[in-house]
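Breakdown of the fold
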Amino acid sequence: MFTWLKTRWHRTGLTAYISHPDCLKHFMGVGHPECPERLTAIRDQLMASQIFDSLQEVDAPLVTPQQLARIHPPRYVEYLESCSPSVGSFRIDADTAMSPGTLLAAQRAAGAVVKAVELVCEDKAPNAFCAVRPPGHHAESARAMGFCFFNNLAVGVAHALTTYKLERIAIVDFDVHHGNGTEEIFKDDPRVMMVSTFQHPFYPYCGDEPLGPNMHNVPLKAGSGGREFREAVETVWLPQLHAFQPQMLFISAGFDAHREDDMGSMGLVEADYEWVTRHMVQIADLYCQGRLVSVLEGGYDLSALGRSVAAHLRALSDL
Ligand SMILES: [Zn+2]
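Predicted, not measured: the structure shown is a model, and the values here were computed from it. (Residues numbered from 1 in each chain as written. Predicted model: local features only at pLDDT ≥ 70, side-chain atom pairs only at ≥ 80, totals over all residues. Heavy atoms only, no water.)

1. Section: the sheet that holds strand β7 (residues 192-199)
Definition in use: Following DSSP output, two strands are said to pair if at least two bridges run between them. Runs of E in the DSSP output that reach at least two residues are strands. Runs of H or I that reach at least four are helices, and both are numbered from the N terminus. Think of each axis as a best-fit line through the C-alpha atoms, taken over the contacting stretch in the case of a helix, with angles from 0 to 180 degrees between the N-to-C directions. We call two residues in contact whenever any of their non-hydrogen atoms come within 4.5 Å of each other.
Pairing in this open sheet of eight strands is parallel, and the strands run β2-β1-β5-β10-β9-β6-β7-β8 from one edge to the other. Taken across any chain shown, the strands that pair with only one partner, and hence form the sheet edges, are β2 (55-59) and β8 (215-220). Between one strand and the next, the sheet's axes are offset by a mean angle of 15°, whatever the strand orientation. With three bridges joining them, strand β1 (residues 15-19) and strand β5 (residues 128-130) adopt parallel strand pairing. Across the sheet, the residue bridging to A16 is A128, located in β5. In the packing of helix α6 (residues 152-163) onto the sheet, contacts are made with β6 (169-173), β7, β9 (248-253) and β10 (292-296), and the angle to β9 comes to roughly 175°. Running over the sheet, helix α9 (residues 270-287) touches β6, β9 and β10 and is turned about 160° from β9.

See the structure below:
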């Protein structure tokens, strides 16, 4: 017990909530589930539950070309720029499209994670949540897909590795979909370890065979709920995280495994998100001096999304 107290990091200050109105300007069509209202639903719920008072609100800057180039080759960024429509929309894949506001939103989303890294690594915030869209974990180094254009979280990880000279970073991903983009980007990087759970078989139909020894993927059957999820965290995630002893923790926080979310067929509830987040805060306190950055990915039922993010932020803020 004494050792635990001695090694536990004591966090001070308010959790950063990083977002930007430009993230509302990306629009993929009437009825598309990845809609601007997701961010307003989150903010409304945080205000209604008075969690917003316990956060410091920070505007997301634009990501710089140099920060982006650590993950995405300039030719890929130029390709996206060439696709950007001045009116209407440009379809990237069956369910991913660019509107005139998409690039700006994507630059804010990636910039938010860079800002989060700076705040947390410079002790200006104990941890941070990036309420951004478009999401990022399906975006590979040179491929937009699955509602994602830039891999926001990966850009932040690269910033932490490069600017703050960190040597071991862990990523956890509890979105209902496998974070194929993040896996493709870091599969051969011994400085990065990733643990994840996702419904399988399901979009993007991979992840059951990890691409590298630093990837610890736990596919879960459709219909899995809190019991199966918590078992995966306890038997795979936690042992791997304790063994790796990361210096910083990132969360790909997708809330589409919620039982009210029609996107997937899993049965998580707010209590599961709060439970896993408290465990991750504990890991960050043990090994990372509290450094934890969480980034919004999926979550499409507006009410469940708002309530789940509130539970996540209660745990991050230690409320
Ligand atoms: Zn998802």
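2. Remarks on the coordination of the zinc ion
How we decide: The rule for donors is simple: N, O or S, within 2.8 Å of the metal, or within 3.2 Å if the metal is Na, K or Ca. Water isn't counted, so a site may look like it is missing partners. Think of it in three bands: with a 1.4 Å probe and only protein chains considered, a residue is buried below 20% of the maximum accessible area for its type, exposed above 50%, and partly exposed in between.
Every protein donor of the zinc ion is listed here as D175 (OD), H177 (ND1) and D256 (OD), and their distances to the metal cover 2.0 to 2.1 Å. In terms of primary sequence, the donors binding the zinc ion are separated according to D-x1-H-x78-D. Note that H177 is positioned in the loop between β6 and α7 (180-186) and D256 in the loop between β9 and α9, a separation of 79 residues in sequence. Summarising the burial analysis for this pair, H177 and D256 share the class buried.

3. A short note on the pattern of salt bridges
For the record, the criterion: A pair is scored as a salt bridge if a Lys or Arg side-chain nitrogen falls within 4 Å of a carboxyl oxygen belonging to Asp or Glu.
Inspection of every chain in the model, using the stated rule, returns 14 salt bridges. Among the ionic pairs, R133 bridges to E34, the shortest N-O distance being 2.6 Å. Taken as a pair, R133 in the loop between β5 and α6 and E34 in the loop between β1 and α2 (37-48) lie far apart in primary sequence, 99 residues in all. When its relative accessible area of 0% is taken as the criterion, E34 is described as buried. Of the charged contacts in the structure, one is a salt bridge between R314 and E274, with a shortest N-O distance of 3.5 Å. One end of the pair, R314, is in helix α10 (residues 302-316); the other, E274, is in helix α9, with 40 residues separating them in the sequence. Classification of R314 as partly exposed rests on a relative accessible area of 29%. Under the relative-accessibility criterion, E274 is labelled buried at 18%. Among the charged side chains, a network of salt bridges with common partners joins E274, R278, R314 and D318.

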